[in-house]
Amino acid sequence: MKRIGVLMAATLVTVAATAGAQQAPATLVVPQTGEPRTLSPNFASDPHAFGPGSNVYSHLVAMDWGIVKGTAAYGDLAKSWETSADTKIITFKLHENAKFHDGKPVTAHDVKFTYDTIIRKKYPSLAVLKSVKEIRVPDDHTLVIELVEPEVGFVPMLAQISNWTAKIYPKHLWEGQDGFETGPHVNAPIGSGPFKFVRWERGQPVELEANADYFRPRTAVDRLVYRAVPDVNVARAEFDAGRLQFLPYDYAPPLAEVAALQRDPRVKVVFTPSHFSRDMQLNLARPPLDNPLVRQAIAHSIDRDAMNRLAFAGLWTPSAYASIESQKDWINRDAKFPAFDRARAEQLLDQAGLPRREGGWRFAITVAPPNFVDCKSMMEVAVQQMRAVGINARLEQFDQATWFSRVSQKNFDINCYFTRYGPDPDAYREHFATGGGRNFMSYQDKELDEIALKASMISDKAERQKIYKRIQEIVVRDIPYINLMNEQKTTIIRAGWSGFNVEESGFDTSYTWFGYYSVKPPGRS
Amino acid sequence: MRLRRYVLLRILQLVPVTLVVIVLNFLLIHLAPGDISIILAGETPDPAYLQHVREMYGLDRPFLEQLWRYLVQVGSGDLGMSFRSRQPVFDEIIDRIPATLLLVGTAMGLSVVVGTWIGARIARRPGSAVDSLVSAGAVMLFSVPVFWFGLMLILLFSVQVPILPAMGMSSLDGPREGIGRVLDVAHHLVLPVLSLMTVSVGQYIRIARTSVAEVMGESYITTVRAIGFPDRRIVQHYALRNALLPVVTVLGLQLGLILTGAVLTETVFSWPGLGRLIYEAILARDTPVIMGAFIAMSVTVAIASLATDLVYAALDPRVTL
């Protein structure tokens, strides 16, 4: 009897010791500048829902910041895919053990249901899915997408748009709804991603927890919480006090402070490049910007190094190419925008019939940057640099919504923009082809239109490279825009934490730009 | 009977006031540049989707028709659906009211009591060193921008000496019910209330001081003094009641802003109240929510001014309704 008692006591001690050795749950609190509108990411573009949506839901294919190292798209639910010779038919093989958070398996039917609904309801990812002619499901784990026309960039574009929308919804829970904006799962999402939804009351944080049944190894973070912190300074104070583990780039500290942060051993400063640039768009429909000499002169008037020093404490990378460093395979290093040369700029403006008049001004022009800190500080410098050659440039400020609709209506002289060069270089068409969705400059070039269309339909890489290099030559010749800097994001992370989507240890395993699958808290690997 | 008629009349006046508020604000929102449907649809949307969004929200209709539809809808007691969350606007606003009432109400109540008390005390010795010091301090507090003061409080009590929380209304792992919940919320309430109070408390100190000092010069006070009542008793029993009228006026004005007066404070402290809802709605051009909030505001302003008049009549027998 006594023996049993001793044995029991020993067991109890062991149990208690094991329990004590268990680590406290690792919680990652992500601050956001606002709260989500809903937790159904597919029906509208809702920036504060990208985070929760990307971690609760899976995607067919994904893309994360690994794009800057060259990974254009990788499989999330898709294990692999094959493209037919004419690039019109893509066959995806899906992971067989993926499950929704309610235990039901994820099949190709769910993917087809999601994409078909998006197309039928004209939701935002239609921008990419409009290329789809038909989606077929030969068996539960095979999905065939047939395109209307050959389109080499389809999978990378699908991966890119999956960052924001096109998350895979469970068919069995959404079938009864007309779209993705009604029903019980709009704000109580059931996905198949690395985190499960726990709780969200409006005005309170969104709480997620690690999904133990994820089809990949469970995340090292036990709990993921999205908290609305509208004030940038408060978020920074919370970070300094150690209550936030990292500050996303929306809360980037002023670059002038970065040197001090880099000296602090408790803080890790991460710079992440991207496949976007920061540049100036010139409205070709407005005189005197319709004159190529004037556009050349403006390009000559810009001193990118001074701009970098003044606007970014010298921490960004100026670029005079019509491409970006992260697009290594496609950049044409022989095609450059006119270099800084004030005398040449003045000379060209004289030639254009715009001599300095009374007061020393040649003509007046407005510069309207969007409400981004980087664009604003760059354009403040650009305005001064243009004034130095006799262009009476003036800064105009609008709120983001007004700026955006003015740009869409082509109601601007000069505009600071964020030209995209990837994931597939077919992006040039969106910006520079006649009628392209982001061709706010009213730029037209027949040769560019023809060869860009051709390049979007061929799969031979060498031939495509040749075409895209030619396109860059045409763009720097005509100067509908002037590239200035490679975009760069600044994130600060508490020492000991790693694997964030913005740093190399998180590339290609974050499952979207907003995914935290590979984050490792201190002491866990 | 006369009082009841008066109140009824004042409530009826609400209808034309609200109508004017709606029409003016509807016009103002539409005058603001920028296409709401583009904002709703996200950047560079598909033209077909954009059209779909316009139709869905009735944004493709002419302005007057949109206004008329809205008026009819509000007339039937429906504030519509939020563009952003697709939830009824009424629910969105009601959900946020308790948090705001708690924050602004606490701050306002404390400001009135503390401010009037301090003001009345220093009024007993006008021109003394304490009076000058407190009066100068009050002007300073009144002039401090509330968001800046909030940030300073956070730096002091949340970062340097981390004893008070700076974000939200409750702790992530705090108790969800019972006395623990109350204490948790109270803990979160300290800093935002303090920063809201700094602005208004100075105002009440100044007003209470001036009006008490004025009343103290009246001949009836001289009489009670001559009888030999102690100063404290004179202020509390004879001077304060008459001196309270200007305080009530200011309180009435501020009461009208009780729902929306804390936009900056709520933003700094991530407080889930109506102010932050309005702030986010304005950024997103969520017209139905903005309009709903304006209606709620005009109703509270009207009710507050009615309440002020009633209190006035009770305090001052010379005022009749």
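Residues numbered from 1 in each chain as written. Chains lettered and ligands numbered in written order. Predicted model: local features only at pLDDT ≥ 70, side-chain atom pairs only at ≥ 80, totals over all residues. Heavy atoms only, no water.

Draft legend 1. How the structure looks around the overall build of chain A. For chain A, the helix and strand inventory stands at 16 helices and 17 strands. Relative to the globule expectation of 24 Å for 525 residues, the C-alpha radius of gyration of chain A, 26 Å, shows essentially globular dimensions. Projected onto its principal axes, the C-alpha coordinates of chain A cover approximately 110 × 55 × 40 Å. Considering chain A as a whole, with its 525 residues, one finds that 60% of them fall into the buried category. Counting 63 positive and 61 negative side-chain charges, chain A places the averaged centre of each group 3 Å from the other. (Helix = DSSP H or I, 4+ residues; strand = E, 2+ residues; numbered from the N terminus. Rg over C-alpha atoms; globule rule 2.2 N^0.38 Å. Buried < 20%, exposed > 50% of the residue type's maximum accessible area, 1.4 Å probe, protein only. Lys, Arg positive; Asp, Glu negative; His and termini not counted. Charge placed at Lys NZ, Arg CZ, Asp CG, Glu CD.)

Draft legend 2. Focus on the sheet that holds strand β4 (residues 78-83) of chain A. All names here are of chain A. Strand order across the open sheet formed by four strands is β4-β5-β7-β6, with antiparallel pairing between neighbours. Both edges of this open sheet fall to β4 and β6 (132-139), since each of them pairs with a single strand only. Recorded for the sheet is a direction-independent mean angle of 20° between the axes of neighbouring strands. Where β6 meets strand β7 (residues 142-147), five bridges bridge the pair, whose relative direction is antiparallel. Counted as the bridge partner of Ile135 is Ile145 from β7. (Pairing = 2+ DSSP bridges. Axes fitted to C-alpha atoms, helices over the stretch in contact; angles between N-to-C directions.)

Draft legend 3. Spatial organisation of the domain arrangement of chain B. All names here are of chain B. Taken domain by domain, chain B consists of domain 1 (2-75) and domain 2 (90-315). Placing a centre on the C-alpha atoms of domain 1 and another on those of domain 2 gives a separation of 32 Å. Each partner contributes to the interface: domain 1 provides 18 residues, whereas domain 2 provides 16 residues. Of the roughly 1500 Å² buried between domain 1 and domain 2, counting both surfaces, carbon and sulfur atoms make up 74%. Ranking the residues of domain 1 by area buried against domain 2 places Arg10, Leu14 and Ile29 at the top, with a combined share of 31%. Seen at the junction of domain 1 and domain 2, the total is one salt bridge. We note a salt bridge from Arg10 to Asp309, for which the minimum N-O separation is 2.6 Å. Contributions of two or more residues to the side of domain 1 that touches domain 2 are made by α1 (2-31), α2 (36-41) and α4 (63-75). By residue number, the principal contributor to the side of domain 1 that touches domain 2 is α1, which donates eleven residues. When its residues are assigned to classes, the side of domain 1 that touches domain 2 shows 14 nonpolar, three polar and one charged. (Domains from an automatic or database assignment. Contact = heavy atoms within 4.5 Å. Buried area = accessible area lost by both parts, 1.4 Å probe. Salt bridge = Lys/Arg side-chain N within 4 Å of Asp/Glu carboxyl O. Nonpolar A, V, L, I, M, F, W, Y, C, P; charged D, E, K, R; others polar.)

Draft legend 4. Just the interface of chain A and chain B, in detail. Taken together, the contacts link 49 residues of chain A with 43 residues of chain B. The tally of links from chain A across to chain B stands at two salt bridges. The residue Glu92(B) makes a salt bridge to Arg202(A) at a minimum N-O spacing of 3.7 Å. Viewed at the interface, chain B and chain A are joined by five residue pairs in polar contact (both at pLDDT 80 or more). When contributions to the side of chain A that touches chain B are tallied by element, the ones reaching two or more residues are β1 (27-32), α4 (126-129), β10 (223-228), α7 (232-240) and α13 (400-408) of chain A. In terms of residue count, the dominant contributor to the side of chain A that touches chain B is α13(A) (five residues). (Polar contact = N/O pair within 3.5 Å; in protein donor to acceptor, adjacent residues only side chain to side chain.)

Draft legend 5. Quick peek at empty space enclosed by the protein. Applying the stated criterion across every chain yields a total of six cavities of 30 Å³ or more. Computed from the structure, the largest cavity encloses a volume of approximately 70 Å³. In terms of lining residues, the largest cavity is bounded by Gly203(A), Gln204(A), Pro205(A), Arg227(A), Ala228(A), Gly168(B), Met169(B), Ser270(B) and Arg276(B). Residues of the lining of the largest cavity, tallied by class, amount to three nonpolar, four polar and two charged. (1 Å grid on protein atoms, 1.4 Å probe; cavity = no way out; pocket = protein on both sides within 12 Å on 5 of 7 lines; lining within 4 Å. Points joined across faces, edges and corners; volume = space filled by probe spheres on them.)

Draft legend 6. Main features of the sheet that holds strand β9 (residues 206-210) of chain A. Residues and elements named next belong to chain A. Strand order in the open sheet formed by four strands is β1-β10-β9-β8, with mixed pairing between adjacent strands. Strands at the two margins of the open sheet, each flanked by one partner only, are β1 and β8 (195-199). With strand direction ignored, the average angle separating the axes of adjacent strands in the sheet is 25°.

Draft legend 7. A look at the layout of surface pockets. Residue and element names in this part refer to chain B. The calculated volume of the second largest pocket comes to roughly 570 Å³. In terms of lining residues, the second largest pocket is bounded by 23 residues, among which Tyr57, Gln73, Met81, Phe83 and Pro288 are the most central. Elements supplying a minimum of two residues to the lining of the second largest pocket: α1, α3 (47-56), α4 and α13 (287-315). If one sorts the elements of the lining of the second largest pocket by residue count, α4 sits on top with four residues. When its residues are assigned to classes, the lining of the second largest pocket shows eleven nonpolar, seven polar and five charged.

Draft legend 8. Inspection of the side chain of Arg10(B) at higher detail. All names here are of chain B. Along the chain, Arg10 falls in helix α1. By relative accessible area, which is 18% here, Arg10 ends up buried. Excluding anything up to four places from it in sequence, Arg10 contacts Ala302, Ser305, Leu306 and Asp309.

Draft legend 9. Geometry of the nonpolar core. All names here are of chain A. If you look at the biggest cluster of nonpolar residues, it comprises 88 residues, and the most contacted ones within it are Met280, Ile298, Met386, Ile391, Ile414, Ile471 and Leu484. When residues in this core are grouped by element, the largest group, seven residues, is from helix α12 (residues 373-387). In contact with Met280, other than residues within four places in its own chain, are Ile298, Ile302, Met379, Ala382, Met386, Ile414, Asn415, Tyr481, Ile482 and Leu484. (Core = buried A, V, L, I, M, F, W, Y, C linked by side-chain atoms within 4.5 Å.)

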